[in-house]
Amino acid sequence: MGGRSPARWWRCALLLLLALALAVAEGRFVVEKNSLRVTSPAALRGVYECAIGNFGMPQYGGTMHGVVVYPKANRKGCKPFSDSGLSFNPKAGGLPVFLLVDRGDCYFTTKGWNAQTAGAAAVLVADDRAEPLITMDTPESAGKEHLENITVPSALVSKRFGDDLKTALENGDMVNVLLDWRESLPHPDERVEYEFWTNSNDECGAKCDMQMNFVRNFRGVAQVLEQRGYTQFAPHYITWYCPEAFVLSKQCTSQCINHGRYCAPDPEQDFTTGYDGKDVVVQNLIQICLFKVANESRKPWLWWDYVHDFAIRCPMKEKKYTRDCANGVIKSLGGSTVLFIITSLFGTDDCLINSQIKIYINPCHLFVCPLTGMDIDKINKCVGDPDADEDNPVLKAEQDAQIGHGSRGDVTILPTFVVNNRQYRGKLDKRAVLRAICSGFEETTEPDICLTQGLVVVTVKQNGSHRTLAIYSCLCLRCFGMSASGVGRCQINNGGCWKETRNGKSVSACSNEVAKGCKCPPGFKGDGIHSCEDIDECKERLFCQCKGCSCENTWGSYECGCGGNNMLYMREHDTCISKVASSSVGWGFLWVIFFGLGFAGVGAYAVYKYRLRSYMDSEIRAIMAQYMPLENQDTSSHQRPVEHADI
C-alpha cells in the first residue's frame, strides 16, 4: 500500500495541474452562437442570442421557423415523452415544434434525443442559473448511446429569456420563433479555410468511433473541394506540456516526448497496460508531417487517404498501433501502376492522381495511372527524434495554434471543426459539416458540390490501401448500368447520355434543364443513351418542300436553297420570297396607306361641315320660333315652350 502512494500522489498532482490548465483555457473558450427571433407575441418580439449545442445538426446558412411548446410533464426532458403520453409531431399544415425544456438532472444529449423521438424539430434548453451562455457539449463517458442519432438542432437560452418564454406560454400566448444560422459562420470570399482538430487515438469510445466514421464518409467530399481549389484544409492535433517539476516522473515519461514538451492522455486511462500517451503523440506527429509533405507536393488530400487506411490497418486493439505499421501505410499510398475505369467529377480527361497515360474505350475511360508515392524520408526527418531534449518545430506550432486568436477561441474539444476561423458546433456528420462549409462561401460562389443531393466515392484497393479514385454527385458510371441525375448532371460523364463531336461541333442528348433522362436533340433520332442518328430531312421530305427549292442534308440539320441570287429562303415558313419583289411590294403597301389616310381625311371634313350646318339651322329655327309662327305651326294665341333641342 505504501509503495503505491507516491505514484498516486504524482498522478493526482498531474491531474490537478491538467485541470488548472483546462480551467485557464476555458476562460478563453468562445461560445458559438446563432440568433433567435421572436415574431409573436408582441411583448417578446425581438432578436435573442442562443448558444449552439455541440450535437445534432445546426442548419448552417439557413433558417427554421416554428412554434415553442413547453411540455406539461417531464419538463427537463430526462425521460421519454411517450411515458407521459406526449407527442410533438406537427399536425398537417402546422408549424414545426421547438420544444422548450429545463436544464438539469440529465445530459443535454438525453434531452435532445427524447425531444427528437417525440417529434420536435428543435430543442431549446432553458438555463437554470443566471450566467453567460455556455456550449452544450457531449458527455465524455455515459450518455453517448444516442449521440450519433441526434439530428435535430439544439440551443441553450438564458434563464431570463427562458422564464419569459414560459410566462408567455402559461398565459396562453402562441410563441412563434425563427432560428437563424445564416450569420453563424463568416463568408468573406470564394474560398473557405477550415481546420480539423483530431486525434489518432482509436480507443476513446464513442467519440473516436464517430470521428472515424466521419473521416470515412467525408473523405471524398474533402478531396474534391481541395482538388478544385474551393477550400484550404489543415489538420491539427492537441498536445500539452508536462510541468518542469514532473518531467522525470513515470507519468510524464510515459505520456510525453521531447523531454515532457508534448504530451497526450493515456489511451486506456491506465499507465500500466496497453499503449501510452507518447505513442499517440508520435502517431499524431507522423500524420501532421505527412500532411506537411503532401501539401508541399500539392497533394494535401492524401492526408485523408492515410488517416482512413491507418485506422483500418493499424488499430490499437490488434496491437498494430506502431511506427512500422504507419510506414507500411505510407508506402502503400503509391509506387505502382494501377489499371482502373474512371470518369472524373470534373468531366476532364485527367486521372485524379498524376495521370500519364490515357486510353479511351467507349463508353467509359480506361486509365493507366502511375500512383506517385510519398517521400518517407522527408516525413521521418519532419518527425525527428522523440527522445531528444529539444523543441519539435511542428508540434510547437500545433501548441501555438491551439490558442485562440481573433474571433476564434481556444480549441479544447476533440474533435473540433473550425470554418473560416469560427468553431463549428453540432454533430460530426458529412451532410452537416458540408452544409457548414458551403455556408462559408460568399453568396452565389458555392461550388456545384454544395447544390447536389448525394455523393458516392469510388475506391480501388491497391497494396492493401484504399485509394479514392473519383467522386460523383448522384452518379454511378453507366459502365455499371446506371445513370446520372440532379443539378449539373451533364458535367459528370455527360449525365450518362450520348454525345458526339464532328468538325468541331459537339452535340449531346443531355440537358441540364431537366433533372434526369436523355433525349436526342432536334435533327437526331435514337434512345439518347447509346446513340443518336442524324435525321435526313431532305430524304424524308420534312423540310425544304417549297417550289423551286433544293435541299442538302447536313449533320443534325439541313441547307435549303431557292435557286437564283434574288430568292431568299425563310426557314420558319419553309418558303422562298423574292428579294427584289419585297421592295416593290413594300412601297405599294405604303402608297395604299397614304391614299387611305387621304380619303379618310376628306370624309371626316365632309361630316364635320354637314354637322356644323345642321347645328346652325336648328339654332336659327329655335330663335325665330320665339318671335313669329312658322308655316306649320298653330296660330292660336297660346304658345307652347320649346321641349327639346337637337344639341
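Residues numbered from 1 in each chain as written. Predicted model: local features only at pLDDT ≥ 70, side-chain atom pairs only at ≥ 80, totals over all residues. Heavy atoms only, no water.

A short note on the sheet that holds strand β15 (residues 416–419)
Read across the open sheet, the 4 strands follow the order β9-β8-β15-β16; overall the sheet is mixed. Each of the sheet's edge strands pairs with one partner strand only, and the pair in question is β9 (231–237) and β16 (422–423). Alignment of strand β8 (residues 192–198) against β9, held across 7 bridges, turns out to be parallel. Looking at the pairing, Trp 197 lines up with His 236 of β9. (Pairing = 2+ DSSP bridges. Helix = DSSP H or I, 4+ residues; strand = E, 2+ residues; numbered from the N terminus.)

Some points on the packing of aromatic side chains
Scanning all chains against the criterion turns up 23 aromatic pairs. For the pair Phe 81 and Phe 88, a centre-to-centre distance of 5.3 Å together with 85° between the ring planes defines the contact as edge-to-face. Of the two residues, Phe 81 and Phe 88, neither departs from the other in class, the shared state being buried. Ring plane angle 55° and centroid distance 5.3 Å describe the contact between Phe 233 and Trp 303, whose orientation is recorded as tilted. Within this pair, whereas Phe 233 is found in strand β9, its partner Trp 303 is found in helix α7 (residues 302–313), the two being separated by 70 residues in sequence. (Phe/Tyr/Trp six-rings, centres within 6.5 Å; stacked < 30°, edge-to-face > 60°. Buried < 20%, exposed > 50% of the residue type's maximum accessible area, 1.4 Å probe, protein only.)

Structural notes on helix α11 (residues 430–439)
For an α-helix, 3.6 residues make a turn, and residues three or four places apart therefore share a direction. With 7 of 10 residues buried, α11 lies mostly within the body of the structure. Those residues of α11 that sit buried are Ala 432, Val 433, Leu 434, Ala 436, Ile 437, Cys 438 and Ser 439. Two or three places before Arg 431, at the opening of α11, Asp 429 has a side-chain oxygen 3.0 Å from that residue's backbone nitrogen. (Polar contact = N/O pair within 3.5 Å; in protein donor to acceptor, adjacent residues only side chain to side chain.)

Considering the state of the cysteines
Here a disulfide denotes one covalent bond, and it connects the sulfur atoms of two cysteines. Applying the stated criterion to the full structure yields 11 disulfides. Linked covalently through their sulfurs, Cys 256 and Cys 263 form a disulfide whose S-S length is 1.9 Å. Every disulfide takes its handedness from the sign of the S-S torsion; for Cys 256 and Cys 263 that torsion is 105°, giving right-handed. Taking relative accessible area as the criterion, Cys 256 reaches 8% and is therefore assigned buried. Across the disulfide from Cys 289 sits Cys 382; the S-S distance is 2.1 Å. With the S-S bond torsion at -75°, the cross-link from Cys 289 to Cys 382 turns out left-handed. Separated by 93 residues along the polypeptide, Cys 289 in helix α6 (residues 277–296) and Cys 382 in helix α9 (residues 376–383) bring together distant segments of the chain. (Disulfide = S-S within 2.5 Å.)

Section: the sheet that holds strand β6 (residues 154–157)
Either a parallel or an antiparallel arrangement is found when strands of a sheet pair, and the pairing is made through backbone hydrogen bonds. Strand order in this closed barrel of 7 strands is β1-β2-β6-β5-β4-β3-β7, and the pairing throughout is mixed. Ignoring which end each strand starts from, the neighbouring axes of this sheet average 40° apart. As paired elements, strand β5 (residues 122–126) and β6 share 4 bridges and run parallel to each other. When the bridges of β6 are listed, Val 125 appears paired with Leu 156. Strands in contact with helix α2 (residues 108–117) are β4 (97–102) and β5; relative to β5, the strand with the most contacts, it is inclined by about 140°. (Axes fitted to C-alpha atoms, helices over the stretch in contact; angles between N-to-C directions. Contact = heavy atoms within 4.5 Å.)

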